[in-house]
Amino acid sequence: MTAVHHWQDQVLAGPGGAMTDEVGVITGPLTLRTTAGSDGKVRFEIQYTDADEWYTLTGSPLPHGDPRALHTAALAAIRAGKGAEAPSAPA
């Protein structure tokens, strides 16, 4: 069985917040969790910091890419706001 790796950070969403599949835009203090699965896909989940519910960041999962770099890019996009979505994987 291949190990699953994840990165998790708190981030303050910029104006326009982050777009989720389940509830649309969320704003304010958020927590982003990026998971590199054994299937090679990179998944992004987001929640209001300290909430129980996790939401899928729109555009997730990505079929491939450097999960750590994509996590960093997603954090930057969320800080910028404007309905941020998962970053695009390199071709």
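Computed from a predicted model, the values in this text were never measured in an experiment.

Criteria and thresholds
- Residues numbered from 1 in each chain as written.
- Predicted model: local features only at pLDDT ≥ 70, side-chain atom pairs only at ≥ 80, totals over all residues.
- Heavy atoms only, no water.
- Helix = DSSP H or I, 4+ residues; strand = E, 2+ residues; numbered from the N terminus.
- Buried < 20%, exposed > 50% of the residue type's maximum accessible area, 1.4 Å probe, protein only.
- Contact = heavy atoms within 4.5 Å.
- Core = buried A, V, L, I, M, F, W, Y, C linked by side-chain atoms within 4.5 Å.

Colleague: What is the right way to read the environment of Gly81 from this model?
Modeller: Considering the arrangement of structural elements, one finds Gly81 in the segment after helix H1 (67-80). Gly81 sits in the buried class, given a relative accessible area of 7%. Distance from Gly81 to Pro29, taken between C-alpha atoms, is 12 Å for residues 52 residues apart in sequence. Dropping the residues within four chain positions of it, Gly81 is found in contact with Gly14, Pro15, Gly16 and Gly17.

Colleague: Explanation requested: the nonpolar core in the structure shown.
Modeller: Generally speaking, soluble globular proteins have nonpolar side chains that are buried together. Ala18, Leu30, Leu32, Phe44, Ile46, Leu57 and Ile78 are the most contacted members of the largest nonpolar core, which totals 18 residues. For this core, the secondary-structure elements that each account for two or more residues are strand S4 (29-36), strand S5 (42-48) and H1. With four residues, the single largest contributor to this core is H1. The residues contacting Leu32, other than those within four sequence positions of it, are Trp7, Gln8, Asp9, Phe44, Glu45, Leu57, His71, Ala74, Leu75 and Ile78.

These results come straight from atomic positions and should not be treated as a statement about function.
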